[in-house]
Amino acid sequence: AKKAGRNAMRFFDQQMQDNITARAQLEEQMCLALEQDQFRLYYQVQVDRQGRALGAEALIRWEQADGGFVSPAQFIPLAEETGLILPIGDWVLEQACAQLHAWRRDPAMCELVLAINVSARQFRQHQFVEHVRHALQRYHLPPGVLKLELTESILVDNIEETIATMKELKALGIKFSLDDFGTGYSSLQYLKRLPLDQLKIDQSFVRDLATDGSDQAIVSTITGMATSLNLDVIAEGVETQVQRQRLEAAGCLHYQGYLFGRPLPLAEFEQLVRRCGSA
Ligand code: C2E
Ligand code: CA
Ligand code: CA
Ligand code: CA
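Under the annotation held in an unreviewed UniProt entry, the protein carries the name EAL domain-containing protein and is attributed to Rugamonas apoptosis.

Peer 1: Looking at this structure, I do not really get the coordination of the calcium ion (ligand 4). What am I missing?
Peer 2: On the protein side, the calcium ion (ligand 4) has D180 (OD) and D180 (OD) as donor atoms, found 3.0 Å from it. Between the calcium ion (ligand 4) and the calcium ion (ligand 3) the interatomic distance amounts to 3.8 Å, and D180 serves as a bridging ligand to the pair. Along the chain, D180 falls in strand β6 (residues 175-181).

Peer 1: Got a minute to help me understand the coordination of the calcium ion (ligand 3) in this structure?
Peer 2: The textbook angles at a metal center are 109.5 degrees for a tetrahedron of four donors and 90 or 180 degrees for an octahedron of six. At the metal site, the calcium ion (ligand 3) is ligated by D179 (OD), D180 (OD), E236 (OE) and E236 (OE), and these contacts range over 2.2 to 2.7 Å. Written as a sequence motif, the donor residues of the calcium ion (ligand 3) are D-D-x55-E. Between the two metals, the calcium ion (ligand 3) and the calcium ion (ligand 2), the spacing is 3.9 Å, and D179 donates to both. Judged by its relative accessible area of 26%, D180 falls in the partly exposed class.

Peer 1: I'm lost on the site of ligand 1 in this one. Help?
Peer 2: As a structural note, the neighbourhood of ligand 1 is formed by 21 residues, with Q44, R61, S119, E239 and Y258 the closest of them. Contact distances for ligand 1 include 3.0 Å between an oxygen atom and a side-chain N or O atom of N117. D180 is positioned such that a nitrogen or oxygen atom in its side chain is 3.4 Å from an oxygen atom of ligand 1. Contact with the protein chains removes 80% of the 800 Å² of surface that ligand 1 exposes when unbound. In this structure, ligand 1 is accommodated by the largest pocket. If you tally residues by element for the shell around ligand 1, the top one is strand β2 (residues 53-63), at four residues. For the shell around ligand 1, the class distribution of residues is nine nonpolar, six polar and six charged.

Peer 1: Please clarify how the confidence of the model for the protein should be interpreted in this entry.
Peer 2: For any part of a model where pLDDT is low, the fine detail of the predicted coordinates should not be relied upon. With 95% of its residues at a pLDDT of at least 70, the protein reaches an overall mean of 93. In the model output, the complex is listed with pTM 0.93 alongside ipTM 0.97.

Peer 1: What exactly am I supposed to notice about the packing of aromatic side chains here?
Peer 2: To describe a pair of aromatic rings, you give the distance between the ring centres and the angle between the ring planes. Within this structure, the stated rule accounts for ten aromatic pairs. Both rings, one in F39 and one in W62, keep their centres 5.7 Å apart while their planes meet at 50°; by these two values the pair is tilted. Pair noted here: F39 is in strand β1 (residues 39-47) and W62 is in strand β2, with a separation of 23 residues, a long-range link. Of the two residues, F39 and W62, neither departs from the other in class, the shared state being buried. Measuring from ring centre to ring centre gives 6.3 Å for Y42 and F69, while their planes differ by 75°; the resulting arrangement is edge-to-face. Of this pair, Y42 sits in strand β1 while F69 sits in strand β3 (residues 69-70), and the two are 27 residues apart along the sequence. Through a chain of ring-to-ring contacts, the aromatic side chains of F39, W62, F75 and W91 assemble into a single cluster. Taking the ring centre of Y258 as reference, the NZ or CZ of R262 above it sits at 3.8 Å.

The rules we used
- Residues numbered from 1 in each chain as written.
- Chains lettered and ligands numbered in written order.
- Predicted model: local features only at pLDDT ≥ 70, side-chain atom pairs only at ≥ 80, totals over all residues.
- Heavy atoms only, no water.
- Donors = N, O, S within 2.8 Å, 3.2 Å for Na, K, Ca; no water.
- Helix = DSSP H or I, 4+ residues; strand = E, 2+ residues; numbered from the N terminus.
- Buried < 20%, exposed > 50% of the residue type's maximum accessible area, 1.4 Å probe, protein only.
- Near = heavy atom within 4 Å.
- Polar contact = N/O pair within 3.5 Å; in protein donor to acceptor, adjacent residues only side chain to side chain.
- Areas by Shrake-Rupley, 256 points an atom, 1.4 Å probe, with all protein chains shown as cover.
- 1 Å grid on protein atoms, 1.4 Å probe; cavity = no way out; pocket = protein on both sides within 12 Å on 5 of 7 lines; lining within 4 Å.
- Sits in = over half its atoms within 2 Å of the grid points.
- Nonpolar A, V, L, I, M, F, W, Y, C, P; charged D, E, K, R; others polar.
- pLDDT = per-residue confidence, 0-100.
- Phe/Tyr/Trp six-rings, centres within 6.5 Å; stacked < 30°, edge-to-face > 60°.
- Lys NZ or Arg CZ within 6 Å of the ring centre and 35° of its normal.

See the structure below:
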């Protein structure tokens, strides 16, 4: 038994070692990816009830030299741990503002609002507001075109500081969406105090909308709450007409999901918007 225990221990060590090596490799590859410009923004359309484009969510993609893609679900968490999310986040912000700038000159695209995802670490860094201010200035962006998606966990942790930072950003014309809404703490106490513009209903509530009556009740409740707090509401992960209809019946009138468009490279996204028109 002693021997087996030792072997198990050795096996465990080996696995841990492999894990550490794999992570170190991924970290090194991420640094290279930044240098070699391997990150891309994909754009997923957000639509109104008539199916017209209101804007997009920018989602990062990592296109490796061999043509393979690494999912953000794989590398964003590690980037957050290692701090690489800071330069990556700066890249996303810069890229998004440059794109908004280009869209200003295109009548088909000039009304779009672009949302980017912001990590806790990025939001908490001291220069974050300055970075945003500079990016907006560099590209001469008007108020209201850049939206930041934040999660509940970012917001509740040190709420006074969060509110102060949000107010500074708000003064620059930034909009805020509360991402993955319903999966976190959702206390009405703080929800009321945060200068938000939008609640984004998490896709877990949308998924079973056709079959799960309680999800329909949840969506109605979130929508009612959003309305009384004077917030927009959008549902993500909308894949079917039935889900869309249930959402509409529950009062949710803005949608994002494969039913309307997958996250797309720029050229394809622009084609999609030209086809469906903008709101
Ligand atoms: P998220 O912000 O909740 O993004 C929504 C995810 O749902 C995206 O996954 C999107 O591709 C996917 N999705 C969209 N429509 C549908 C649908 O109809 N059905 C289903 N099943 N999924 C749908 P993605 O692109 O793999 O991104 C995963 C997560 O990675 C994001 O979750 C976000 O937390 C993070 N992420 C992505 N881009 C960035 C970024 O630029 N910065 C940061 N900090 N995080 C990012
Ligand atoms: Ca998001
Ligand atoms: Ca989300
Ligand atoms: Ca999510």
